[in-house]
Amino acid sequence: MIVTTSDLFEHAYGEYAVGAYNINNMEQAIGLFEGNAKAEAPFIVQISKGSRGYAGVIMIQAIILAAEQMYPNNIFAVHLDHGDEQTCYECIESGFYSSVMIDASHYDLAENIDITKRVVDAAHDKGISVEAELGMLGGVEEDIQIDEKHAMLTDPDEAEEFVFKTGCDSLAVAIGTSHGAYKFSGGQGLHFDRIASIQEKLPDFPLVMHGSSSVPKSEVERINDAGGALDASARGVDENEFAKAVELGVVKVNIDTDGRLVWTRVHREFFRDQPEVYDFRKPGTILMSEYADFIEKKSHKLMSAGKLEDVRDSLS
Ligand code: G3H
Ligand code: 13P
Ligand code: ZN
């Protein structure tokens, strides 16, 4: 069943976070739906502009609708990740997305507010939820590369003004994370003090944590042992910190890189160990199963595992 992110957040706030996973193909979709079905967890399927370009807007939609038929018990939102204004309108008009993210965080505050407000008005007319972003994460956001020194933590006063003026339903905040496999160096980590100050200004308002892959060391080592060349400094968010973030109002945790690492590890190891094989369905089968395991375990860390029936009750 497809629901809005607002439906999910209302149930989750303060108790658990909903995992939001980017998908690009059939194998990821099956792993994602299977893992959440096993965990009995609500979740968010995220589609980036890059994914829409890769699979095609018709194909990615068909994959998700097929997965829904295969796993009819699942409850999930279909969400555009890091949309620009035009792509938000396309998704709103399509009738398929239940939630869009307008990412105008690279504009100044006034322009970010104007753009976000226009998208909120269009989306709310159709009952679609809107996530917006304020502050700047480091790393790569779609086509825009943001230098670490220009990454800016979200200002709590601005966050309050932004939500009030735009009417957005959730806010992605810059709290120390960045996209990709290289998030922290030295003793860096999540800025809990900043999340707490934002929550103080926006009590009960759903906050979103982008760049939340955990980039397991073991995964990086296995990829490199199988011929990969990832930098050993690769590091992500400590999964044990999700619980504290949840207490401070984080309801959505975005994960893409970890899924790419699973894909890379499975395929590198498979072709290293079985170089004579050229039937791609063999590693594809392993990938679906490994990705499902990854999702199931992650939902326990997010504390969304086992919440499915409660969510269903809350919707009726
Ligand atoms: O935040 C961006 C996501 O990791 C999506 O990545 O634009 O390469 O699909 P992508
Ligand atoms: P990661 O790169 O940490 O997986 O973050 C993904 C993300 O924020 C998608 O919007
Ligand atoms: Zn993101």
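Residues numbered from 1 in each chain as written. Chains lettered and ligands numbered in written order. Predicted model: local features only at pLDDT ≥ 70, side-chain atom pairs only at ≥ 80, totals over all residues. Heavy atoms only, no water.

Participant: What am I meant to see in the sheet that holds strand 5 (residues 129–134) here?
Facilitator: The strands that make up a sheet pair up through hydrogen bonds in the backbone, lying either parallel or antiparallel. Taken in spatial order, the eight strands close into a barrel running 1-2-3-4-5-8-9-10, and their pairing is parallel. Here the strands of the sheet are splayed against their neighbours by 25° on average, with no regard to which way each runs. Relative to strand 2 (residues 43–48), helix 1 (residues 5–12) is tilted by about 140°, and along the sheet it contacts strand 1 (18–22), strand 2, strand 3 (76–83), strand 4 (99–102), strand 5, strand 8 (170–173) and strand 10 (250–255). Running over the sheet, helix 12 (residues 281–302) touches strand 1 and strand 10 and is turned about 150° from strand 1. (Pairing = 2+ DSSP bridges. Helix = DSSP H or I, 4+ residues; strand = E, 2+ residues; numbered from the N terminus. Axes fitted to C-alpha atoms, helices over the stretch in contact; angles between N-to-C directions. Contact = heavy atoms within 4.5 Å.)

Participant: Hey, could you run me through the site of ligand 2 in this one?
Facilitator: Around ligand 2 sit 15 residues, and of these Asp81, Lys183, Ser213, Asp256 and Thr257 come closest. For ligand 2, an oxygen atom lies 3.0 Å from a polar atom in the side chain of Asn254. Relative to its unbound accessible surface of 310 Å², ligand 2 loses 96% to contact with the protein. Those elements that place two or more of their residues in the shell around ligand 2 are strand 3 and strand 10. Split by residue class, the shell around ligand 2 holds one nonpolar, eleven polar and three charged. (Near = heavy atom within 4 Å. Polar contact = N/O pair within 3.5 Å; in protein donor to acceptor, adjacent residues only side chain to side chain. Areas by Shrake-Rupley, 256 points an atom, 1.4 Å probe, with all protein chains shown as cover. Nonpolar A, V, L, I, M, F, W, Y, C, P; charged D, E, K, R; others polar.)

Participant: I tried to follow the coordination of the zinc ion (ligand 3) on my own but got confused; where do I start?
Facilitator: Four donors placed tetrahedrally around a metal ideally meet at 109.5 degrees, and six donors placed octahedrally ideally meet at 90 or 180 degrees. At this site the zinc ion (ligand 3) is bound by His82 (NE2), His179 (NE2) and His210 (ND1), with donor distances of 2.1 Å. Within one chain, the residues serving as donors to the zinc ion (ligand 3) are arranged as H-x96-H-x30-H. Of this pair, His82 sits in strand 3 while His179 is found in the loop between strand 8 and helix 8 (192–201), placing the two residues 97 residues apart along the sequence. Its relative accessible area of 8% is what places His82 among the buried residues. (Donors = N, O, S within 2.8 Å, 3.2 Å for Na, K, Ca; no water. Buried < 20%, exposed > 50% of the residue type's maximum accessible area, 1.4 Å probe, protein only.)

Participant: Can you help me understand the environment of Glu309 in this one?
Facilitator: Counting through the fold element by element, Glu309 comes out in helix 13 (residues 308–315). On the accessibility criterion, Glu309 (39% relative accessible area) is partly exposed. The sequence separation of Glu309 and Lys38 amounts to 271 residues, and the corresponding C-alpha distance is 13 Å.

Participant: I tried to follow the pairing of strand 4 on my own but got confused; where do I start?
Facilitator: Walk down a regular strand and you will see the side chains alternate between the two sheet faces. Taking every second residue as pointing to the same face, both faces of strand 4 are buried, with Ser99 and Met101 on one and Val100 and Ile102 on the other. Once the chain exits strand 3 it traverses helix 5 (residues 85–94) before rejoining the sheet at strand 4, and the crossover so formed is right-handed. Bridge count between strand 4 and strand 5: four bridges; the pairing is parallel. For Ile102, the partnering residue across the bridge sits in strand 5 and is Ala132. Each parallel crossover has a hand, and the one from strand 4 via helix 6 (residues 109–125) to strand 5 is right-handed. (Right-handed = clockwise from strand over helix to strand, strands pointing away.)

Participant: Would you explain the nonpolar core in this entry?
Facilitator: Side chains of a nonpolar character, in soluble globular proteins, are inclined to be buried together. In terms of nonpolar packing, the biggest core is built from 67 residues, with Tyr21, Leu32, Phe33, Ile64 and Leu171 touching the most fellow members. No other element matches the six residues that helix 12 contributes to this core. (Core = buried A, V, L, I, M, F, W, Y, C linked by side-chain atoms within 4.5 Å.)

Participant: Even after reading the chapter, I still don't get the packing of aromatic side chains, so can you show me in this structure?
Facilitator: In this description, an aromatic ring pair is defined by two values, namely the gap between the centres and the angle between the planes. Applying the stated rule across the entire model yields seven aromatic pairs. Between the aromatic rings of Phe43 and Phe76, the centroid separation amounts to 5.4 Å while the plane-to-plane angle is 20°, which identifies the pairing as stacked. Of this pair, Phe43 sits in strand 2 while Phe76 sits in strand 3, placing them 33 residues apart in sequence. Like Phe76, Phe43 is buried. Ring centres of Phe270 and Phe271 lie 5.2 Å apart, and the angle between their planes is 90°; this geometry places the pair in the edge-to-face category. The exposure class of Phe270 is buried, given its relative accessible area of 6%. For Phe271, a relative accessible area of 35% puts it in the partly exposed group. Geometry around Phe192 places Lys244 over its ring, the cationic atom sitting 4.4 Å from the centre. (Phe/Tyr/Trp six-rings, centres within 6.5 Å; stacked < 30°, edge-to-face > 60°. Lys NZ or Arg CZ within 6 Å of the ring centre and 35° of its normal.)

Participant: Would you mind going over helix 7 (residues 156–166) with me for this structure?
Facilitator: What sets the pattern is the α-helix's 3.6 residues per turn: residues three or four places apart point alike. Within the sequence span of helix 7, burial applies to Pro156, Ala159, Phe162, Val163 and Thr166. Projection of helix 7 onto a plane perpendicular to its axis shows the buried side chains occupying an angular sector of 115°, all on one side. As for helix 7, its buried residues are in contact with helix 6, strand 5, strand 8 and helix 8. Where helix 7 terminates, the next one or two residues include Gly167, which has phi positive at roughly 75°. (Arc of directions from axis to C-beta.)

Participant: Looking at this structure, how should I read the environment of Phe184?
Facilitator: In this fold, Phe184 is placed in the loop between strand 8 and helix 8. Judged by its relative accessible area of 7%, Phe184 is buried. Separated by 52 residues in sequence, Phe184 and Gly236 place their C-alpha atoms 6.8 Å apart. Apart from residues lying up to four places away in sequence, Phe184 is in contact with Gly176, Thr177, Gly189, Leu190, Ser233, Arg235, Gly236 and Val237.

That's the geometry; what it means functionally is another story.
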